[in-house]
Amino acid sequence: MSENWRGRLSRLWARPEEPAQPVTFTAELRSCHPHIAFDATLQLWWQGNDEAAIWTTRQRVTEWADQATSQYCVTQAGNAENEINTRNPYSARIQLTVNPQARIAAEAILEIDRQSALERLKQQAELERIRYLRESVYSRPDVARSYWLYHHPDRPEELLTIRFEEIAEKFGEVGESRFLLIAKLIGDFLGRLEDGERRYLLEQLGQFFSSYNRPDLAERLEAS
């Protein structure tokens, strides 16, 4: 029998290929919030009956989808589903659903996050206001009087009873003590130098004053 006839007979006896069959399974996929998950229905098209290969592919699809959905909140189920169905390398079809309890929990977490962010902004604004009042208002008696009168135009008689100078002194104590500390450190440093070293350093400091348009300080330093 010729090779041509043998080939024809083998094709006649060959079993036809089995069509691909859908393999559908469910899984729980992570969201961006711990303990809140998507419910997923996944479907693969599989040809053959290799159960081990099917199981391995199911695991790989599930792990890939779990990694993708972990970047989303369950309130963004539509966006998450679009991404995993567009980008997944396994030609799988994945449908995401969210149970009511998971949605309620996620919305509560989002509301807490919004309130926390708002509270931080309020605290930051309050600190900025306090800093402004301390540095630009209460540390300057004339400005503090104007500020107080602006906010209490119906009580001008009380303006004379508030000791704005004493308030300004209190607000200036922190800054003043800091400068005194720095001056003390410089004095201690100069006191430990030899005469030549001290003279050289003071000459350099005088040039520094002059470079900042303060020749008066340079002259006072030289005369001291």
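Structural data are supplied above this passage.
Model, not experiment: these values are computed from the prediction.

Cut-offs and rules
Residues numbered from 1 in each chain as written. Predicted model: local features only at pLDDT ≥ 70, side-chain atom pairs only at ≥ 80, totals over all residues. Heavy atoms only, no water. Helix = DSSP H or I, 4+ residues; strand = E, 2+ residues; numbered from the N terminus. Buried < 20%, exposed > 50% of the residue type's maximum accessible area, 1.4 Å probe, protein only. Pairing = 2+ DSSP bridges. Axes fitted to C-alpha atoms, helices over the stretch in contact; angles between N-to-C directions. Contact = heavy atoms within 4.5 Å. Parallel < 35°, antiparallel > 145°, perpendicular 65-115°, else oblique. Left-handed = near helix turned anticlockwise from the far one by under 90°. Nonpolar A, V, L, I, M, F, W, Y, C, P; charged D, E, K, R; others polar. Disulfide = S-S within 2.5 Å. Phe/Tyr/Trp six-rings, centres within 6.5 Å; stacked < 30°, edge-to-face > 60°.

A.B. asks: Would you explain unusual backbone geometry in this entry?
C.D. replies: Glycine aside, residues mostly have negative phi angles, and peptide bonds mostly take the trans form. The backbone of His35 shows a phi angle near 70°, a positive value even though the residue is not glycine. Of note, His35 is situated in the loop between strand S1 (21-30) and strand S2 (37-46). Classification of His35 by relative accessible area gives exposed; the value is 86%. Although it is not a glycine, Ser91 adopts a positive phi angle of roughly 55°. Taking the relative accessible area as the measure of exposure, Ser91 reaches 65% and is therefore exposed.

A.B. asks: Is there a simple way to explain the sheet that holds S1 in this structure?
C.D. replies: Hydrogen bonds between backbone groups are what pair the strands of a sheet, and the pairing can be parallel or antiparallel. What the three strands build is an open sheet, ordered S1-S2-S3; its pairing is antiparallel. Across the chains shown, the open sheet's two edge strands, defined by having one partner strand only, are S1 and strand S3 (93-97). The sheet shows a mean angle of 20° between the axes of neighbouring strands, taken without regard to direction. As paired strands, S2 and S3 are joined by five bridges and run antiparallel to one another. Bridge assignment links Leu42 to a residue of S3, and that residue is Ile94. Those strands touched by helix H2 (residues 51-69) are S1, S2 and S3, and its axis lies near 40° from that of S1. Contacts from helix H3 (residues 77-87) reach S2 and S3 within the one sheet, and its direction differs from that of S3 by about 170°.

A.B. asks: I would appreciate a short explanation of H3 in the present structure.
C.D. replies: Each α-helix winds once per 3.6 residues, and so residues spaced three or four apart point in a common direction. Within the span of H3, buried status applies to Ala77, Ala80, Glu81, Glu83, Ile84 and Asn85. If you follow the buried residues of H3, they end up packed against S2, H2 and S3.

A.B. asks: Hey, could you run me through the packing of helix H4 (residues 100-137) against helix H5 (residues 141-151) in this one?
C.D. replies: The packing of two helices is summarised by the inter-axis angle and the distance between the axes. At a closest axis distance of 8 Å, the pairing of H4 and H5 adopts a crossing angle of 130°. On the basis of the axis angle, H4 is oblique to H5. Contact residues: H4 offers Arg129, Leu133, Ser136 and Val137, while H5 offers Val143, Ala144 and Tyr147.

A.B. asks: Even after reading the chapter, I still don't get the packing of H2 against H3, so can you show me in this structure?
C.D. replies: Contact pair H2 / H3: the axes reach a minimum separation of 10 Å and the direction vectors enclose 140°. As far as their axial angle goes, H3 and H2 are oblique. When you trace H2 past H3, the crossing you get is right-handed. Between H2 and H3, the contacting residues are Trp64, Ala65, Ala68 and Thr69 on the first element and Ala80, Glu83, Ile84 and Arg87 on the second. A breakdown of the residues in the contact of H2 with H3 according to their chemical character gives five nonpolar, one polar and two charged.

A.B. asks: I keep staring at the state of the cysteines and nothing clicks. Help me out?
C.D. replies: Simply put, disulfide is the name for a covalent bond between the sulfur atoms of two cysteines. Counted according to the given criterion, the structure contains zero disulfides. Of all cysteine sulfurs, the one in Cys73 lies closest to Cys32, which takes part in no disulfide; the gap is 4.9 Å. Residue class for Cys32 comes out partly exposed when judged on its relative accessible area of 37%. Residue class for Cys73 comes out buried when judged on its relative accessible area of 4%.

A.B. asks: Teacher, can you tell me more about the packing of aromatic side chains here?
C.D. replies: Given two aromatic rings, their pairing is described by the distance between the two centres and the angle made by the two planes. Considering all chains together, one arrives at one aromatic pair under this definition. Relative to Tyr147, the ring of Tyr138 lies with its centre 6.4 Å away and its plane at 80°, an arrangement referred to as edge-to-face. Among the residues examined, Tyr138 registers a relative accessible area of 26% and is labelled partly exposed. Residue class for Tyr147 comes out buried when judged on its relative accessible area of 18%.

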